[in-house]
Amino acid sequence: MSTEISAQTLTFLRRGQPVTLRHVAPDRTLLEVLREDLHCTGTKEGCGEGDCGACTVVLGEAVDGKLEYKAINSCIRLAHSVNGLAVWTVEDLANEEGELHPAQEAMVQCHGSQCGFCTPGFVMSLFGMYQNTQGGQGIDRAQAQADLSGNLCRCTGYRPILDAAQQMGGLPLPQGCGVNEAATVAALQSLRKNQEDGSTYLRPTRLTELLRQRAAHPRAQVVAGCTDVGLWVTKMHKRFAQVLDVTAVRELRRVEDYPHHIAIGAAVTLTDAYAALVKDRPQLQTFAQRFAGLPVRNSGTLGGNVANGSPIGDSMPLLIGLGASVVLMRWDPKRGAIAHRELRLEDLYTGYRTNVMRPDELLAWIKVPRPTAGETFKAYKISKRFDDDISAVCLAIQMTVTDGVVAQVSIGAGGVAATPARARQTEAALRGQPWTPDAVKAAVAALRAEFQPISDMRASAAYRQAVLGNLLQRFWLESQGLQHINLENLNAATLEALA
């Protein structure tokens, strides 16, 4: 392994006090630092890819004078990305007398642990939930399932763990187990003032600075939430001499509202980005929760997902179906100003994980049109597991039918080509046609013929082609009022009606 990678100082808050570690290489993960340098071995190393949740810790950040808590996967999060933040591990929850935090005590009382390997990760997700619900108040079964979807348990079973999530709010908080939020915010603000600029892990806070550094360091590895790049480190053993992190750039951490579209900054987390999309289109709620588990969504960004360009990424088909565009930016030294260009999202990609961006360009914004009158929009994800799984096929369809005729249609597809793609031929087969079974049948044939998917561990090529057409058929049936065919609407009452 190369030892030529230089390092820099890392400082974060733990138990209310600054922790400073020197000579931390830019490609070390937070899990490595916690276990190897700080000996916090309660944080477990499981899958090494953000799937199992055994490595879950909670980050705290001061935003507008308040503390925001996010459960994240430390195994794929680069350590320097938490510089200037607060970090909680499972060792930080009980007080000095050994009294347990309600998130821990509830697991004990509800018998939520057997072998115990996954337990610290579950406890940290529960702690994040506890802090974000004013002490575990009002948590129902649905929220518990959604917030714990990124944690896997092989032996206990989820019922007692979900019971713990709902019951921890009724347990007393022992003295010394709570978070002094005012003191923590003040300490974080002090850390921010005293942060030093690094040379190997670059984390600028302003857009101009980011673009200047991109121009000056075109070979630096660009990262956002590290939910994919982290796997390059843990699974492919890649090393990075220099990293450029976009997540601290203030301008890119915003979701901006405009009359005809919203603009989502490249540093907006998937959690917040999907919340903005769901606000405009509530029918996307389930789709949003099925994009990985909560710790991945809390780290990953929509901009990173789009720039990554994975053919099985869920965001891109969704955004293509919505007619989204991307804004690419770079620093123009001749003009001494920012240069930008905008293009349709589907035109960003040139091949498998390749795109049209110049070496000095970065994806800065994603612009998503607002819903229009008469629009029908559906997004479908087919995967082996319902939660926390990668798509075999993803299809997003936006359609406007006027006087029984398809006036507008936009279809995004994932998992069926080398890049996320727009189904242009199928759109052409539908546009201007009456919205009838015959037109749908022709469009199904066109959609199956438009892509030549491959077979892999997730699905065969034949299955993917069949499913593509089936999803378009489902869209037709749902447009005719048959909602029970969707698992989202399957409940006891529906089953009785079908019996």
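**Considerations on the side chain of glutamine 213**
Part 1 of the reasoning: In this structure, glutamine 213 sits in helix 7 (residues 207-216).
Part 2 of the reasoning: Judged by relative accessible area, which is 19%, glutamine 213 ranks as buried.
Part 3 of the reasoning: Setting aside chain neighbours within four positions, we find glutamine 213 in contact with Leu202, Pro204 and Leu244.

**A short note on the sheet that holds strand 7 (residues 221-223)**
Part 1 of the reasoning: Here we have three strands laid out as an open sheet, ordered 6-8-7, and parallel in their pairing. The sheet is open, and its two borders are formed by strand 6 (201-202) and strand 7, each paired with just one other strand.
Part 2 of the reasoning: In this structure, strand 6 lies alongside strand 8 (residues 243-245), joined through two bridges in parallel fashion. Looking at the pairing, leucine 202 lines up with leucine 244 of strand 8.
Part 3 of the reasoning: On top of the sheet, helix 7 reaches strand 6, strand 7 and strand 8; it is set at about 160° to strand 8, its chief contact.

**Thoughts on the pairing of strand 4 (residues 66-73)**
Part 1 of the reasoning: Sheet topology places strand 3 (residues 56-63) next to strand 4; eight bridges connect them, and they run antiparallel. Along strand 4, the bridge assignment pairs valine 58 with alanine 71.
Part 2 of the reasoning: Turn length for the strand 3-strand 4 hairpin, with the two strands adjacent in sequence and antiparallel, is two residues, and the turn residue aspartate 64 shows positive phi of about 55°.

**What to know about the sheet that holds strand 11 (residues 325-332)**
Part 1 of the reasoning: Overall, antiparallel pairing links the five strands, which are arranged 9-10-15-11-12 in an open sheet. Unpaired on one side and paired on the other, strand 9 (255-257) and strand 12 (337-344) mark the two borders of the sheet. This sheet shows a mean twist of 25° between the axes of neighbouring strands, independent of strand direction.
Part 2 of the reasoning: Sheet strands in contact with helix 7 are strand 11, strand 12 and strand 15 (362-369), and its direction is about 70° off that of strand 11.
Part 3 of the reasoning: Together, strand 9, strand 10 (261-265) and strand 15 form the strand contacts of helix 9 (residues 270-280), whose direction differs from that of strand 10 by roughly 170°.

Conventions and cut-offs
- Residues numbered from 1 in each chain as written.
- Predicted model: local features only at pLDDT ≥ 70, side-chain atom pairs only at ≥ 80, totals over all residues.
- Heavy atoms only, no water.
- Helix = DSSP H or I, 4+ residues; strand = E, 2+ residues; numbered from the N terminus.
- Buried < 20%, exposed > 50% of the residue type's maximum accessible area, 1.4 Å probe, protein only.
- Contact = heavy atoms within 4.5 Å.
- Pairing = 2+ DSSP bridges.
- Axes fitted to C-alpha atoms, helices over the stretch in contact; angles between N-to-C directions.

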